[in-house]
Amino acid sequence: MPERERKKRTAAPGPSPGKVAAPRPSSVKSADRVLDLLELLSGTGRAMSHAELSRRSAIPKGSLTPLLRNLVARGYVEHAEPTQDYRLGERAYALARRGAHNRDLVKLSQQWLDRLVQVTGESALLSVMRDDMAERIAAAETSRAVLYATHVGVLSPLYATSGGKILLAWLSPAEREAYLRKVPLRPRTEKTIRSVNVLRRQLQVVRNEGIAWSWGEFTAGIVGVAVPVLDVHGRAIAALGVALPESRLDDERKSALLAALRSTAAEIADAVSAAASK
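Quick caveat: nothing in here was measured; it's all calculated off a predicted structure.

**Considering the overall build of the protein**
Alright, step 1. Of regular secondary structure, the protein possesses nine helices and eight strands.
Alright, step 2. Each of the 278 residues in the protein was classed as buried or not, and the buried ones make up 41%.
Alright, step 3. For the protein, restricting intrachain contacts to residue pairs at least 6 apart in sequence, the fraction spanning at least 24 positions comes to 54%.
Alright, step 4. Of the accessible surface of the protein, which amounts to about 16,200 Å², a share of 53% is contributed by carbon and sulfur atoms.

What follows is the structure, given as structure tokens:
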């Protein structure tokens, strides 16, 4: 065999028989750098200068500046004007708290959602506020032939769902008015509320009665009813609801659904409170 060909064949040997080559990790440099910065600031627990951040994160100063500018604008990093130092922002702490809280809430509530379905025969939902939307973080679905699909992760307008109305009604007056001033009431169905004044009056009734209804306002033909899950300070940490076709609802069922919702919301609240005190 010529020397050139022998070298070509032996220069880059493949993996040994029976041994699989380790995959090469992929990464996005800007995403890695953002995470490096957040981990660095959270790990030290103190403010750091631009120069120190650059040195300890190995991010060139020219690349570091726009990353910090974006993080400051989003509230994940704070910039102290007098010292020009940077520290972890309140939004980073809030994100961690909310993530841990929602994780625990989902874990603790699932058994009660399952039981609520057994008691009522209808799909059960647990929602929390995510910016200006209601986010479904947990659910249990009925096995009945005609049902309301309960996909976790769905975002819905606060003004169009029973759970969203609960969350709105339990905001502070200032927060609620700020929302009402800016929200565009886009119709989901022909029954969706389209007047801010009507919504404002309805939210007052919701707060007084502790119950919210959505009569085909988010999904045509589907009724939603929800109650708040309250913490020890009376704040709504979530909205617990059921959804069902309007054809399955009468006065007797209304009373039964409300009783089941209220008792289940109290059970979830107690479980969350007990977990927080450990």
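Alright, that's what it looks like, and here's the rest.
**A closer look at unusual backbone geometry**
Alright, step 1. A positive phi angle, close to 65°, is found at Gln84, a residue other than glycine.
Alright, step 2. Here Gln84 is to be found in the loop between strand E1 (77-80) and strand E2 (85-88).
Alright, step 3. For Gln84, a relative accessible area of 39% puts it in the partly exposed group.
Alright, step 4. Although it is not a glycine, Asp131 sits at a positive phi angle of roughly 55°.
Alright, step 5. Residue position: Asp131 is located in the loop between strand E3 (123-130) and strand E4 (133-140).

**Things to note about helix H4 (residues 61-74)**
Alright, step 1. The first and last C-alpha atoms of H4 sit 20 Å apart over 14 residues, in line with the 20 Å expected at 1.5 Å per residue.
Alright, step 2. Burial in H4 covers these residues: Leu64, Leu67, Leu68 and Leu71. An end-on view of H4 places all buried positions within 100° of arc, on one side of the element. Exposed side of H4, more than 90 degrees from the buried face: Gly62, Arg69, Asn70 and Ala73 are the residues found there.
Alright, step 3. In this fold, the buried residues of H4 make contact with helix H2 (29-44), helix H3 (50-57), E1 and E2.
Alright, step 4. The first or second residue beyond H4 is Gly75, which carries a positive phi of 90°.

**Details of the nonpolar core**
Alright, step 1. The biggest cluster of nonpolar side chains holds 31 residues, and the ones touching the most others in it are Leu105, Leu126, Val229, Leu240 and Val242.
Alright, step 2. Contributions of two or more residues to this core are made by helix H5 (90-120), E3, E4, strand E7 (222-230), strand E8 (236-245) and helix H9 (251-276).
Alright, step 3. Among the elements that take part in this core, H9 stands out by supplying eight residues, more than any other.
Alright, step 4. With 22 residues, the next largest nonpolar core counts Ala160, Trp170, Val183 and Leu203 among its residues.

**Concerning the pairing of E4**
Alright, step 1. Within E4, seven of the eight residues are buried, leaving the element largely enclosed by the surrounding structure.
Alright, step 2. Pairing geometry for E3 and E4, over seven bridges, is antiparallel. Note on E4: the bridge partner recorded for Val128 is Glu135.
Alright, step 3. Counted between consecutive antiparallel strands, the loop separating E3 from E4 contains two residues, among which Asp131 sits at a positive phi close to 55°.

**Brief notes about the packing of aromatic side chains**
Aromatic ring pairs: the centre-centre distance and the angle between the two ring planes describe each pair.
Alright, step 1. Under the defined criterion, the tally for this structure stands at one aromatic pair.
Alright, step 2. Centre to centre, the rings of Trp213 and Trp215 are 5.2 Å apart; their planes meet at 15°, and the pair counts as stacked.
Alright, step 3. The partly exposed category is assigned to Trp215, whose relative accessible area is 28%.
Alright, step 4. The ring of Trp213 has Lys254 lying over it, and the distance from NZ or CZ to the ring centre is 5.7 Å.

**Let's talk about the confidence of the model for the protein**
Alright, step 1. Summing up the model confidence of the protein, the mean pLDDT is 84 and the portion of residues at 70 or higher is 84%.
Alright, step 2. Considering only residues more than four positions removed or in separate chains, one finds that residues 1-24, a stretch of pLDDT under 50, has two contacts.

**Looking at the pattern of salt bridges**
Alright, step 1. Throughout the structure, instances matching the rule amount to eleven salt bridges.
Alright, step 2. For Arg46, the salt bridge is made with Glu52, and the minimal N-O distance between the two is 2.6 Å.
Alright, step 3. The exposure class of Glu52 is buried, given its relative accessible area of 16%.
Alright, step 4. When the shortest N-O distance is used, the salt bridge between Lys254 and Asp251 registers 3.9 Å. Residue Lys254 and its partner Asp251 are located together in helix H9, separated by three residues, close to a single helical turn.
Alright, step 5. Salt bridges sharing common partners tie together Arg46, Glu52 and Arg56.

**What to know about the packing of H2 against H3**
Alright, step 1. In contact at an axis separation of 11 Å, H2 and H3 are set at 110° when each is read in the N-to-C sense. As judged from the angle between their axes, H2 and H3 are roughly perpendicular. Seen from above, H2 lies across H3 with right-handed handedness. Counted together, Leu37, Leu40, Leu41 and Thr44 of H2 and Leu53, Arg56 and Ser57 of H3 form the full contact between these two elements.

**Details of the packing of H2 against H4**
Alright, step 1. The contact between H2 and H4 brings their axes to 11 Å, and the two run at 70°. Relative to H4, the element H2 is oriented roughly perpendicular. With respect to the hand of their crossing, H2 and H4 are arranged in right-handed fashion. Counting all contacts with H2, which are made through Ser30, Arg33, Val34, Leu37 and Leu38, the residues of H4 involved are Ser63, Leu64, Leu67, Leu68 and Leu71.

The rules behind these values
Residues numbered from 1 in each chain as written. Predicted model: local features only at pLDDT ≥ 70, side-chain atom pairs only at ≥ 80, totals over all residues. Heavy atoms only, no water. Helix = DSSP H or I, 4+ residues; strand = E, 2+ residues; numbered from the N terminus. Buried < 20%, exposed > 50% of the residue type's maximum accessible area, 1.4 Å probe, protein only. Contact = heavy atoms within 4.5 Å. Areas by Shrake-Rupley, 256 points an atom, 1.4 Å probe, with all protein chains shown as cover. Expected span 1.5 Å × (residues − 1). Arc of directions from axis to C-beta. Core = buried A, V, L, I, M, F, W, Y, C linked by side-chain atoms within 4.5 Å. Pairing = 2+ DSSP bridges. Phe/Tyr/Trp six-rings, centres within 6.5 Å; stacked < 30°, edge-to-face > 60°. Lys NZ or Arg CZ within 6 Å of the ring centre and 35° of its normal. pLDDT = per-residue confidence, 0-100. Salt bridge = Lys/Arg side-chain N within 4 Å of Asp/Glu carboxyl O. Axes fitted to C-alpha atoms, helices over the stretch in contact; angles between N-to-C directions. Parallel < 35°, antiparallel > 145°, perpendicular 65-115°, else oblique. Left-handed = near helix turned anticlockwise from the far one by under 90°.

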